[in-house]
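In case you want the letters, here they are:
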Amino acid sequence: MRMVDLIELKKNKQVLTKEQIHFIIEGYCNQRIPDYQMSALLMSICFNGLTKQETAFLTDEMLHSGDIIDLSAIEGIKVDKHSTGGVGDKTSLVLGPMIAACGVKVAKMSGRGLGHTGGTLDKLESIPGLNINVNREDFIKQVNEIGIAIIGQSTNLVPADQKMYALRDVTATVDCIPLIASSIMSKKLASGSDTILLDVKYGKGAFMKTKEEARKLAYTMIEIGQHLGKDTRAVISNMNQPLGNAIGNSLEVIEAINILKGEGPKDLLNLCLEAGSHMLVQAKRCQNEAEALQLLKQVIVDGSALNKLKEMVYYQHGNIDVIDNPNLFKQAKIILPVKAKKEGFVKELEAKTLGIISMKLGGGRLTKDDTIDHSAGIILNKKIGDYCNSEDILAYFYTDKEIDQELIDEFYSAYQIVDFFVEKPTLIDEILV
Ligand code: URA
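Nothing here was measured: the structure is a model prediction, and the numbers come from that model.

### Overview of the overall build of the chain
Broken down by element type, the chain carries 17 helices and 13 strands. Here the chain holds 433 residues, and the buried ones make up 56% of them. Across the chain, contacts joining residues at least 24 apart in sequence account for 77% of those joining residues at least 6 apart. Per element, the accessible surface of the chain, about 18300 Å² overall, is 50% carbon and sulfur.

Structure below.
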């Protein structure tokens with residue numbers, strides 16, 4: 001078999017066999033297939049797609065390229081969730097403790113942020129002292145004892161995806177449904193949990209630009225999960241504007257803490273309640289979503305979800321005092337209010353641009369080796385559908401860097417303010433089960 005012939009096949013819209021896909025993934029992981037040939041194949045896949053069967057074979061090959069985590073030493077059903085990525089998305093930090101407080105095990109491996117989207121690990125590391133490098137034995141012990149751990153991915157978890165994703169990132173081959181589906185699902189399946197709840201986002205701040213594309217991606221992933229015997233469901237949610245009001249690592253952790261205290265933005269809370277209610281049904285903790293919803297609200301009201309977060313932070317050597325006293329997080333040297341230039345309703349609030357601005361303020365990485373400033377980011381004061389008078393504060397920038405006018409102009413370009421009424425957008429479109 002020769003890689004060049006397989007590229008030719010895909011270029012001509014032919015279907016690849018299991019053996020051919022094995023040859024490609026195994027050869028690429030073992031350095032027999034160079035990046036340039038893999039790039040050509042990935043680009044052909046972007047143009048000509050993969051069948052359901054090819055996507056399933058690809059996922060399976062990627063899944064078996066490295067470690068498959070065995071969580072059987074953890075009692076009970078283990079649930080997992082995954083968001084396809086967005087700006088201001090701190091749902092894992094809220095949902096994890098809520099679910100664990102309801103008595104369901106959360107053994108989660110998360111990733112870092114790159115470009116305009118954030119990563120759960122970076123957010124967690126804004127808590128002074130918190131350790132995300134937990135070995136497998138301690139990870140299992142922690143989940144058995146307190147019901148939750150969120151740690152960094154094992155370095156050998158789906159190495160095929162680590163290599164392919166880095167290549168896709170620089171060859172404009174990320175936004176392709178079968179490639180995203182196999183990338184996400186191979187990692188979720190390798191992480192060993194029993195159920196998977198996917199939060200598939202669409203809009204200006206997401207990989208999928210339309211609701212239809214998001215549904216297609218969700219169904220592709222659900223089919224892969226079900227095929228391998230995992231209860232897989234998906235929430236389809238809007239990412240035209242950031243989720244919640246905070247963008248940036250410690251700012252997002254503080255917002256997540258506020259939600260667990262019964263405060264904080266309603267859009268984030270509703271997404272967590274909706275997604276969480278399905279996770280509790282998937283875990284067979286509740287008979288139906290209505291019962292699950294009551295339980296989730298109860299663990300916020302009685303403080304047990306917040307306590308669960310404290311337990312997790314304590315176990316992972318973080319300073320739990322920050323949870324009651326956010327001033328103990330590293331503080332940004334500059335907090336700059338940015339004011340509206342005209343009055344009216346906010347019509348557009350481009351998530352991606354805001355994510356990029358947060359990154360430039362120091363809150364994200366341009367390349368994977370950049371260091372980040374955990375205190376940097378943006379707090380939004382006005383979102384789509386809000387009315388603002390001229391001179392009202394639209395947002396606050398948090399940074400240690402000097403802020404130039406160009407960045408402020410970029411920020412204004414993300415906000416569209418109009419003189420007619422604008423309805424607040426719906427966040428959750430549907431749940432696919
Ligand atoms: N997230 C992933 O893990 N993989 C993709 O391909 C896209 C988003």
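Moving on from the coordinates now.
### Description of the site of the ligand
Every residue near the ligand is listed here: Tyr-165, Arg-168, Ile-180, Ser-183, Ile-184, Lys-187 and Phe-207. Measuring from a nitrogen atom of the ligand, one finds a side-chain N or O atom of Ser-183 at 2.7 Å. Taking Lys-187, its side chain carries an N or O atom lying 2.5 Å from an oxygen atom of the ligand. For the shell around the ligand, the secondary-structure elements that each account for two or more residues are helix H8 (159–170) and helix H9 (177–190). Its residues assigned to classes, the shell around the ligand comprises four nonpolar, one polar and two charged.

### Examining the side chain of Ser-83
Within the secondary structure, Ser-83 is located in strand E1 (residues 78–83). Look at Ser-83 and you get buried, because its relative accessible area is 15%. Side-chain polar atoms of Ser-83 contact the side chain of Asp-89, separated by 2.6 Å. Setting aside residues up to four positions removed in sequence, Ser-83 forms contacts with Asp-89, Asp-199 and Lys-201.

### Focus on the packing of aromatic side chains
On inspection of all chains with the given rule, the structure shows five aromatic pairs. Ring centres of Phe-411 and Tyr-415 lie 5.0 Å apart, and the angle between their planes is 50 degrees; on these two criteria the pair is classed as tilted. According to the relative accessible area criterion, Phe-411 is buried, its value standing at 0%. Residue Tyr-415 is classed as buried on the basis of its relative accessible area of 7%. Following the ring pairs from residue to residue traces out a cluster consisting of Phe-397, Phe-411, Tyr-412 and Tyr-415. The ring of Tyr-412 carries Lys-341 above its face, with NZ or CZ at 4.2 Å from the centroid.

### Quick notes on the sheet that holds strand E12 (residues 415–418)
In space, the three strands of this open sheet follow the order E10-E8-E12, with antiparallel pairing throughout. Edge positions in the sheet fall to strand E10 (387–388) and E12, since each of these pairs with one other strand and no more. Two elements, strand E8 (residues 344–349) and E10, share two bridges in a ladder whose sense is antiparallel. Bridge pairing in E10 links Phe-345 to Tyr-387. Helix H17 (residues 405–414) contacts E8 and E12 of the sheet and is inclined by roughly 50 degrees relative to E12.

### Re helix H5 (residues 91–101)
For H5, the tally of buried residues reaches ten of eleven residues, placing the bulk of the element in the interior. Trailing H5 by a residue or two, Gly-103 shows a phi angle of about 95 degrees, which is positive.

### Section: the sheet that holds strand E6 (residues 246–247)
Spatial strand order, E6-E9-E11-E7: four strands in an open sheet with antiparallel pairing. Each end of this open sheet is capped by a strand with a single partner; those strands are E6 and strand E7 (334–339). Alignment of strand E9 (residues 377–380) against strand E11 (residues 393–399), held across four bridges, turns out to be antiparallel. Bridge pairing links Leu-380 to Ala-395 in E11. Contacting E6, E9 and E11, helix H16 (residues 351–363) crosses the sheet at an angle of about 135 degrees to E9.

### Some words on the confidence of the model for the chain
Mean pLDDT over the chain works out to 94, with 99% of the residues at or above the 70 mark. The ipTM assigned to the predicted complex is 0.97, against a pTM of 0.92.

### Comments concerning the packing of H5 against helix H11 (residues 249–260)
For the pair H5 and H11, the least separation of the axes is 9 Å and the interaxial angle reads 35 degrees. Seen from above, H5 lies across H11 with right-handed handedness. Facing H5, whose interface residues are Leu-93, Val-94, Pro-97 and Met-98, H11 presents Val-253, Ala-256, Ile-259 and Leu-260. Across the contact of H5 with H11, the residue classes break down as eight nonpolar, no polar and no charged.

Each value, and the rule that gives it
- Residues numbered from 1 in each chain as written.
- Predicted model: local features only at pLDDT ≥ 70, side-chain atom pairs only at ≥ 80, totals over all residues.
- Heavy atoms only, no water.
- Helix = DSSP H or I, 4+ residues; strand = E, 2+ residues; numbered from the N terminus.
- Buried < 20%, exposed > 50% of the residue type's maximum accessible area, 1.4 Å probe, protein only.
- Contact = heavy atoms within 4.5 Å.
- Areas by Shrake-Rupley, 256 points an atom, 1.4 Å probe, with all protein chains shown as cover.
- Near = heavy atom within 4 Å.
- Polar contact = N/O pair within 3.5 Å; in protein donor to acceptor, adjacent residues only side chain to side chain.
- Nonpolar A, V, L, I, M, F, W, Y, C, P; charged D, E, K, R; others polar.
- Phe/Tyr/Trp six-rings, centres within 6.5 Å; stacked < 30°, edge-to-face > 60°.
- Lys NZ or Arg CZ within 6 Å of the ring centre and 35° of its normal.
- Pairing = 2+ DSSP bridges.
- Axes fitted to C-alpha atoms, helices over the stretch in contact; angles between N-to-C directions.
- pLDDT = per-residue confidence, 0-100.
- Left-handed = near helix turned anticlockwise from the far one by under 90°.

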